[in-house]
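# Observations on the three-dimensional arrangement
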Amino acid sequence: MSWRDALPPVRGKLLRDEPLGPFTWFRVGGKADVLFIPADEDDFGDFLKALDPAVPVQVLGVGSNVIVRDGGVEGVVVRLAGRVFAEIHIDPEQPSLTVGAGALDAMVARASAKAGIAGLEFLAGIPGTIGGALTMNAGCYGSETKDILHAAWGFDRAGEKHTFMVEDFDYTYRHSRFEDGEMFWMQAAFDGRRDDPEAVAARIAEITSRRELTQPIREKTGGSTFKNPPGHSSWKLVDEAGWRGKLFSATGGGAMFSDLHSNFMINPGEATAADIEGLGDAVRADVLAKTGVQLDWEIKRIGRAAPNPK
């Protein structure tokens with residue numbers, strides 16, 4: 001009997017062989033062995049406790065910074081969908097916010113502006129959820145998650161609850177001590193500072209406008225492809241190597257780096273995950289050969305490659 005035939009009972013949804021492409025910004029990728037959409041935090045924690053510990057589990061946020069490979073994803077993929085995972089509670093006296101891991105970063109920024117809490121404006125420029133921001137120390141325009149985080153709590157793979165203070169994360173640039181799948185974040189508490197709501201909203205509007213002008217947010221994209229190497233800008237390295245707007249195909253579809261921003265890959269039409277990941281790897285190799293600089297992925301790549309056709 002397969003592990004999929006012995007899944008723990010849940011109050012949410014368990015979907016077998018569910019296509020994941022529609023859940024990602026690139027709109028590519030294979031199926032999840034099982035997609036779990038928990039009803040609430042207790043449903044998720046109870047599921048983890050009862051699930052065979054050998055079965056891999058990973059959370060897929062809004063799919064804004066991930067490539068799901070064409071062969072699908074082994075084990076259980078979790079979607080923290082619905083308001084129960086995206087609630088935002090504000091304490092204007094502190095001032096602070098307690099936020100669900102499924103909340104969109106931009107929604108948290110807007111909620112902070114409405115409450116007159118400054119310091120979280122940069123979240124308006126990050127196309128993801130709070131859970132992903134916690135793990136990777138997401139940031140932009142000179143600010144990072146580490147600058148505002150007070151504490152966070154979530155489940156480990158065994159379904160046990162843990163709380164960590166910001167210093168426990170050992171944050172560095174786009175990195176924390178917690179690897180993907182080690183902790184499943186449920187909530188985070190952020191600290192800000194009091195400010196005029198209109199002033200905070202104006203700064204958010206400026207970030208949003210800048211992002212719309214300089215990033216291909218209307219395309220099938222995945223956010224920043226590579227981390228910035230020390231002393232370099234990834235977009236400049238990609239541009240100088242000649243990859244801006246150049247179509248690359250591994251399977252007959254094709255992907256490219258955006259003409260608007262050359263650290264953003266896009267799916268211009270019928271790309272596969274193999275096309276997109278292959279483009280990234282080709283550019284990394286070319287930049288290394290031409291400049292000696294190693295580009296490291298910022299986009300997550302998950303799942304199995306599609307089997308080679310016979």
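Residues numbered from 1 in each chain as written. Predicted model: local features only at pLDDT ≥ 70, side-chain atom pairs only at ≥ 80, totals over all residues. Heavy atoms only, no water.

### Looking at the pattern of salt bridges
Evaluation of the coordinates by the stated rule reveals 15 salt bridges. Residues Glu277 and Arg69 are paired through a salt bridge, measuring 2.8 Å at the closest nitrogen-oxygen approach. Remark: Arg69 occurs in the loop between strand S4 (66–68) and strand S5 (73–78) and Glu277 occurs in helix H6 (residues 273–291); sequence separation between them is 208 residues. Of the charged contacts, one joins Asp281 and Arg284 as a salt bridge, the two residues approaching to 3.8 Å between their closest N and O atoms. Pair noted here: Asp281 and Arg284 are both in helix H6, with a separation of three residues, about one helical turn. What makes Asp281 partly exposed here is its relative accessible area of 35%. (Salt bridge = Lys/Arg side-chain N within 4 Å of Asp/Glu carboxyl O. Helix = DSSP H or I, 4+ residues; strand = E, 2+ residues; numbered from the N terminus. Buried < 20%, exposed > 50% of the residue type's maximum accessible area, 1.4 Å probe, protein only.)

### Brief notes about unusual backbone geometry
Each neighbour pair has its own omega, and for Gln94 with Pro95 the value is -10°, a cis peptide bond. Assignment of secondary structure puts Pro95 in the loop between strand S6 (88–91) and strand S7 (96–100). Positive phi, close to 55°, is recorded for Asp17, a residue that is not glycine. With respect to the helices and strands, Asp17 occurs in strand S1 (residues 13–19). Backbone geometry at Arg174 places phi at a positive 55°, although glycine is not the residue there. When you line up the elements, Arg174 lands in the loop between strand S12 (161–165) and strand S13 (183–191).

### Quick notes on the packing of aromatic side chains
For the structure shown, the criterion picks out 13 aromatic pairs. An aromatic cluster is defined as three or more aromatic residues linked by ring pairs; in this entry it consists of Phe36, Phe44, Phe47, Trp153, Phe155 and Phe184. Above the face of the Trp153 ring, Lys161 is positioned so that its terminal group lies 4.6 Å from the ring centre. The ring centre of Trp243 lies 4.3 Å from the NZ or CZ of Lys246, which sits over that ring. (Phe/Tyr/Trp six-rings, centres within 6.5 Å; stacked < 30°, edge-to-face > 60°. Lys NZ or Arg CZ within 6 Å of the ring centre and 35° of its normal.)

### Describing the environment of Phe264
Within the element layout of this structure, Phe264 appears in strand S17 (residues 264–266). Sequence separation between Phe264 and Gly30 is 234 residues; the distance between their C-alpha atoms is 22 Å. Excluding residues that lie within four positions of it along the chain, Phe264 makes contacts with Gln215, Pro216, Thr221, Gly223, Ser224, Thr225, Met256, Phe257 and Ser258. (Contact = heavy atoms within 4.5 Å.)

### So, the sheet that holds S7
Strand order in the open sheet formed by five strands is S6-S7-S13-S11-S12, and the pairing between neighbours is antiparallel. Whereas interior strands pair on both sides, the edge strands pair on one side only; in this sheet they are S6 and S12. Averaged over all neighbouring strand pairs, the angle between strand axes comes to 15°, with direction disregarded. For S7 and S13, the ladder comprises five bridges, and the chain directions are antiparallel. (Pairing = 2+ DSSP bridges. Axes fitted to C-alpha atoms, helices over the stretch in contact; angles between N-to-C directions.)

### Some remarks on the side chain of Glu298
Structurally, the position occupied by Glu298 is in the loop between H6 and strand S18 (300–302). Apart from residues no more than four positions distant in its own chain, Glu298 is found in contact with Asn65, Met136, Tyr173, Arg174, Ser224, Thr225, Phe226 and Lys227.

### Describing the environment of His89
Of note, His89 is situated in strand S6. Relative accessible area serves as the criterion here: at 44%, His89 is assigned to the partly exposed category. Along the sequence, His89 and Val293 sit 204 residues apart, while their C-alpha atoms lie 44 Å from each other. Beyond its immediate stretch of four places on either side in the chain, His89 contacts Ser96, Leu97 and Thr98. Side-chain polar atoms of His89 contact the side chain of Glu87, separated by 3.3 Å. (Polar contact = N/O pair within 3.5 Å; in protein donor to acceptor, adjacent residues only side chain to side chain.)

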